[in-house]
Amino acid sequence: MLNISKDYAPPLKMVLPFFAGGGLFYLSFALSLFMILPNFNPQDVYVLGVAHLFFVGFVATIFIGAMAQLVPVILEAPHSHLNFYWAILIGILFGVVLLVGGFWFEPFLLSLAAMLILVSVLLYLCDLYFTILKILKFNFLSIVMIISHTFLFFGILCGVYLAFGFSGHLEVDFEKFLILHVYLVLIGFMLNLVIAVAILLLPMFSLAHGFSKTFAKVAFALFSISPILILFDLYSFAIFVVCIGALMFFWQVYIIYSKRVRKEKDVWFKSLLVSFFSLLTSAIFLIVGDLKLSAMIFGMGFFGFLILGHLYKIVPFLVWFEYFAPLVGKQKVPMLHEMVPKKGADFQFWFSFIGFVLIVIGVWSNCQNVLKSGISFFVVGALFLLLNIKFMSRKEF
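Residues numbered from 1 in each chain as written. Predicted model: local features only at pLDDT ≥ 70, side-chain atom pairs only at ≥ 80, totals over all residues. Heavy atoms only, no water.

What follows is about the nonpolar core. Judged by nonpolar contacts, the single largest core of 151 residues is most densely connected at Phe 19, Met 190, Phe 249, Phe 276 and Phe 302. Filtering out sequence-adjacent residues up to four positions away, Met 190 remains in contact with Phe 55, Val 59, Ala 60, Phe 63, Val 185 and Phe 303. (Core = buried A, V, L, I, M, F, W, Y, C linked by side-chain atoms within 4.5 Å. Buried < 20%, exposed > 50% of the residue type's maximum accessible area, 1.4 Å probe, protein only. Contact = heavy atoms within 4.5 Å.)

Rendered as structure tokens:
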């Protein structure tokens, strides 16, 4: 399991609100899909609000909560400024609400949201970089952490610039900076961070050993090059580089799975199967020029199921580590797999998966009825996610 001492671990009450908040934003995202038509315009302000509700509200909130736990594992050192995470949590939660409200109702709110999120990200980066400076230990994972979070810094600055443009305070080249913002945050930061987390967690949860990290390193290099290519308006080349990087990362994951000892096909395994095949499918749609479907599958399929699957590993461990680890040898304590609601997790997976597939088919075929059916399934899956997080967060089993 996670190699972390009690002294390094953040308290459960600090981490769980990130996951609960992310779950609520995930449900809000699912419900907001009902207002979208199959032939939606990706640059419509309502759609932009929905996209930020997913990527900032769900993905980024869960990521930051997970990093509160994983930074000490990756860097093998305690947080430099752990208490910053309370301010980060408040800033992110209120920032997301204002951000979505700015897209949907009042553009002036965008500038306020941008400043809140900027401050939260700066606090997060301060803790990370000062923690790194304390140890000055450089390996592949720590280098990925440094570079990916540098992309986050510039991506957020780009987002703030766009937010002030949307709210009418600045003249902005929206198309150029929107593309740059997407590449900096989604590719340079999120995809690279996923590489680090995957190299750390996939072998741990699947008991895989003796594999090379070469393809992950190539994928990291390619993903890191792509935002730089966008700066020089090399859009087609950037797409090509990202697609090759996705294939390299997909192959790295396949290598890890081929070396695994644990063969159990639990909800974590099924979710990651959907996630990484979605990454491959997204790359294919990107190559053929269907950016809308590529982005949907990349977000809802790859990031969505990647996070959903890992929640069933991370949340039970955090709860066990907080409440039950001190009781080992003194009384009977639950096993980690006993803390996962198997039926609830299966319901969440299948409703989410069927909903996701129907949503993609609905958009691809421009069929409103199929799209609405898919959204309905997806909402039920999101409800099960919240119930499952509540179940796994209990003190008694």
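From this point on, the discussion continues.
This brings us to the packing of helix H7 (residues 214-231) against helix H8 (residues 235-258). One way to put it is that H7 packs onto H8 with a least axis distance of 8 Å and a crossing angle of 160°. In this view, H7 runs roughly antiparallel relative to H8, as classed from their interaxial angle. Here H7 runs over H8; the crossing is left-handed. Its residues assigned to classes, the contact of H7 with H8 shows 19 nonpolar, 4 polar and no charged. (Axes fitted to C-alpha atoms, helices over the stretch in contact; angles between N-to-C directions. Helix = DSSP H or I, 4+ residues; strand = E, 2+ residues; numbered from the N terminus. Parallel < 35°, antiparallel > 145°, perpendicular 65-115°, else oblique. Left-handed = near helix turned anticlockwise from the far one by under 90°. Nonpolar A, V, L, I, M, F, W, Y, C, P; charged D, E, K, R; others polar.)

So, on to the packing of aromatic side chains. A full pass over the atoms with the stated rule returns 35 aromatic pairs. Ring centres of Phe 63 and Phe 303 lie 6.1 Å apart, and the angle between their planes is 65°; on these two criteria the pair is classed as edge-to-face. Separated by 240 residues along the polypeptide, Phe 63 in helix H2 (residues 45-75) and Phe 303 in helix H10 (residues 291-324) bring together distant segments of the chain. Judged by its relative accessible area of 10%, Phe 63 is buried. Plain terms: the ring middles of Phe 103 and Phe 166 are 5.8 Å apart, the flat faces sit at 75° to each other, and that makes the pair edge-to-face. (Phe/Tyr/Trp six-rings, centres within 6.5 Å; stacked < 30°, edge-to-face > 60°.)

Turning our attention to the packing of helix H9 (residues 267-288) against helix H11 (residues 342-365). Between H9 and H11, the least distance of the axes is 10 Å, while the angle of their chain directions is 20°. Taken together, H9 and H11 sit at an angle that is classed as roughly parallel. In terms of crossing hand, the pair formed by H9 and H11 is left-handed. Every residue of H11 that contacts H9 at Val 267, Lys 270, Ser 271, Val 274 and Ser 278 is listed here: Ala 345, Asp 346, Phe 349, Trp 350, Phe 353 and Phe 356. Within the contact of H9 with H11, the residues separate by chemical class into 7 nonpolar, 2 polar and 2 charged.

A separate point is the pattern of salt bridges. Enumeration according to the criterion identifies 3 salt bridges in this entry. Note that Asp 266 and Lys 313 form a salt bridge whose closest N and O atoms lie 3.2 Å from each other. Taken together, the positions of Asp 266 in the loop between H8 and H9 and Lys 313 in helix H10 put the pair 47 residues apart, joining distant regions of the chain. Note that Lys 270 is salt-bridged to Asp 346, the shortest N-O span being 3.3 Å. Here Asp 346 lies in helix H11 and Lys 270 lies in helix H9, a separation of 76 residues in the sequence. Under the relative-accessibility criterion, Asp 346 is labelled partly exposed at 31%. (Salt bridge = Lys/Arg side-chain N within 4 Å of Asp/Glu carboxyl O.)

Mapped onto the elements, Ser 32 comes out in helix H1 (residues 12-32). The class for Ser 32 is buried, based on a relative accessible area of 5%. From its side chain, Ser 32 meets the backbone oxygen of Phe 29 in a polar contact 2.6 Å long. If near-sequence neighbours (up to four positions away) are discounted, Ser 32 is found in contact with Tyr 46, Val 50, Leu 53 and Trp 104. (Polar contact = N/O pair within 3.5 Å; in protein donor to acceptor, adjacent residues only side chain to side chain.)

Okay, unusual backbone geometry next. One non-glycine residue, Asp 233, adopts positive backbone phi at about 60°. By secondary structure assignment, the location of Asp 233 is in the loop between H7 and H8. What makes Asp 233 partly exposed here is its relative accessible area of 44%. Positive phi outside glycine occurs at Asn 366, with the angle close to 55°. Within the secondary structure, Asn 366 is located in the loop between H11 and helix H12 (368-392).

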